[in-house]
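# Fold and contact review
Residues per chain are reported as follows:
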Amino acid sequence: MARKFLYIVAGLVVLVLAVLLALRLFADELTELTMVPDGEFEAQPALEANSYHDPKMWIARPGLGAGDPSQWQPEGFEEDADALAVPVFFVHPTSYLDKAFWNAPVDEPESRTRAEMFVRGMASPFNKSVDIWAPRYRQAAVGAFLTEKPEADQALDLAYKDVAQAFDFFIETVARDKPIVLAGHSQGSFHLRRLIAEKIAGTPLQDRVAVAYLAGWPISLVHDLPKMGLPPCTAPDQAGCIASWQTFAEPADTAMVIKGYERKLGLDGQSVAGSAFLCVNPLTGTEGGEAPASANLGTLVPDWENDSGTLARGVVPARCGEDGFLYIGAPPTLELGPYALPGNNYHVYDMTMFWANLREDMKRRVAAWKPAE
């Protein structure tokens, strides 16, 4: 009987090893099978011209009151008295994880709820301003970043046009003598990089940008930045600059992110393959460099059961590696939840890992902004 049991255990070990080997050898094929829509892309008309006049098309905007997730703050957080008079345009990351459509309907319930959760965690570092705008949009499915199918680019283009339309309404509505802050994550950053190139660079709006936080999507130093008209953030009190980073714990496997990055063209229409990308350390506010955990003013630790969270100070360090990724050392000893991705990829936590530092960073850059003469 004991020998039979050992044979069963040995067989299970071999089976597990075989599955792990298959996952490693066929990861791309399995990912595409499970995450990438297999139907045809459905062309859709542009939203009606006045769509973003409707408050229901916004996850966050002034006037929503207690229902505005961007105004959430961690338990026990003590805010100083002075608010910032600066409008913030925030574009949420992909919250549509299904493969039924290439673009999520704006009324799809699960993706709406997930988007609101993302806004609560990722836009709240910027609620030193009460003037945060976060649009709903027909976001591309997560699978659009996991394939080279032409439908993926069509889906992303449709999503971008919604974001651009929302931005136009935002600019028409907010005070014209104020600076603006742009912030996004993942798909949100992917769209904002194009929006900066097409609607801000070389226009009067360029002088109004206090800072653009484009976390979770690589910004090519060669193929993107020259088209965006704004420099990288090289000093903590610099205004009118771009900050971008991708967070990994160590040991890190960045191959999947690199492959996704190289599937998309740069803003100049050229392949970004092999090109370096921007890393601004959110603990220092400067391009490159490193900072110890003591420089971290507060990582957001979520309490999923109670829809709450607290800040943990001085736990997570950060350094920009030579490869352009932001490294935080060993996985942090915090109860962050189950959303770290394979390869020690802390993509989901790009902003919440540095919640309090981003709050101070925006405050400094807005204070440094000066109107064009």
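For the structure given in this document, a descriptive report is provided here.

Rules behind the numbers
- Per chain, residue numbering runs from 1 following the sequence as it is written.
- At least 70 in pLDDT is required for a residue's local features to be given in this predicted model, at least 80 for side-chain atom pairs to be given and counted, and no such filter applies to totals for whole chains, interfaces and linings, which use all residues.
- For the side-chain quantities, the full set of heavy atoms in the structure was used; hydrogens and water were omitted.
- Only strands that DSSP links by at least two bridges are regarded as paired with each other.
- For the purposes of this entry, the term helix denotes a DSSP run of H or I that reaches at least four residues, the term strand denotes a run of E that reaches at least two, and both are numbered from the N terminus.
- Working convention: axes come from line fits to C-alpha atoms, limited for helices to the stretch in contact. Angles between N-to-C directions cover 0 to 180 degrees.
- Note on contacts: a residue pair is in contact if any heavy atoms of the two residues lie within 4.5 Å.
- Exposure classes here rest on a 1.4 Å probe applied to the protein chains alone. A residue is buried below 20% of its type maximum, exposed above 50%, and partly exposed in between.
- The definition used for a disulfide is geometric: two cysteine sulfur atoms within 2.5 Å.
- Salt bridge, as used here: a side-chain nitrogen of Lys or Arg that lies within 4 Å of a carboxyl oxygen of Asp or Glu.

### A word on the sheet that holds strand E2 (residues 88-91)
Reading across the sheet, the six strands line up as E1-E3-E2-E4-E5-E6 and stay open at both edges, with mixed pairing between neighbours. Looking at the sheet topology across the chains shown, the edges are occupied by strand E1 (58-60) and strand E6 (241-243). Mean inter-strand twist for the sheet, computed between neighbouring axes without regard to direction, equals 20°. Here strand E5 (residues 209-215) pairs with E6 via three bridges, running parallel. Bridge assignment links Val-211 to a residue of E6, and that residue is Cys-241. Strand contacts of helix H5 (residues 187-200): E2, strand E4 (180-185) and E5, with the helix running at about 140° to E4, the strand carrying the most contacts. The strands touched by helix H8 (residues 355-368) within the sheet are E2, E4, E5 and E6, with E5 carrying the most contacts at an inclination of about 150°.

### Quick look at the sheet that holds strand E10 (residues 290-291)
Overall, mixed pairing links the four strands, which are arranged E7-E14-E13-E10 in an open sheet. Looking at the sheet topology across the chains shown, the edges are occupied by strand E7 (247-248) and E10. Sheet topology places strand E13 (residues 318-320) next to strand E14 (residues 326-327); two bridges connect them, and they run antiparallel. Paired with Cys-320 across the bridge in E14 is Leu-326.

### Some words on the environment of Leu-64
Structurally, the position occupied by Leu-64 is in the loop between E1 and E2. For Leu-64, a relative accessible area of 27% gives the class partly exposed. Each C-alpha atom, one on Leu-64 and one on Gly-188, is 22 Å from the other, the two residues being 124 residues apart in sequence. With residues up to four places along the chain from it excluded, the contact list for Leu-64 reads Pro-55, Trp-58 and Ile-59.

### Describing the state of the cysteines
Counted under the stated rule, the structure contains two disulfides. The disulfide partner of Cys-233 is Cys-241, and the S-S distance across this bridge is 2.1 Å. Residues Cys-233 and Cys-241 share a disulfide whose torsion about the S-S bond is about 90°; that sign makes it right-handed. One disulfide in the model links Cys-279 with Cys-320; its S-S distance is 2.1 Å. Taking the torsion about the sulfur-sulfur bond, which here is approximately -80°, the covalent link between Cys-279 and Cys-320 counts as left-handed. In this pair, Cys-279 is assigned in the loop between helix H7 (255-263) and strand E8 (280-281) and Cys-320 in strand E13, connecting sequence segments 41 residues apart. Of the residues examined, Cys-279 reaches a relative accessible area of 5% and is grouped as buried. Disulfide partners in the protein, listed by the sequence order of the bonded cysteines, are 1-2, 3-4.

### A look at the pattern of salt bridges
If you walk through the whole model with that rule in mind, you get 14 salt bridges. Asp-168 serves as the salt-bridge partner of Lys-199, at 3.1 Å between the closest nitrogen and oxygen. Linking Lys-199 in helix H5 with Asp-168 in helix H4 (residues 150-173), this pair joins segments that are 31 residues apart in sequence. The class of Lys-199 is partly exposed, set by a relative accessible area of 27%.

### Thoughts on unusual backbone geometry
Look at the link from Glu-250 to Pro-251: it is a cis peptide, with omega at 0°. Tracing the backbone through its elements, the reader meets Pro-251 in the loop between E7 and H7. Positive phi values are uncommon outside glycine, yet Ser-186 reaches one of about 55°. Here Ser-186 is to be found in the loop between E4 and H5. With phi around 60°, Asn-344 is a residue other than glycine that occupies positive phi space. Structurally, Asn-344 is set in the loop between E14 and H8.

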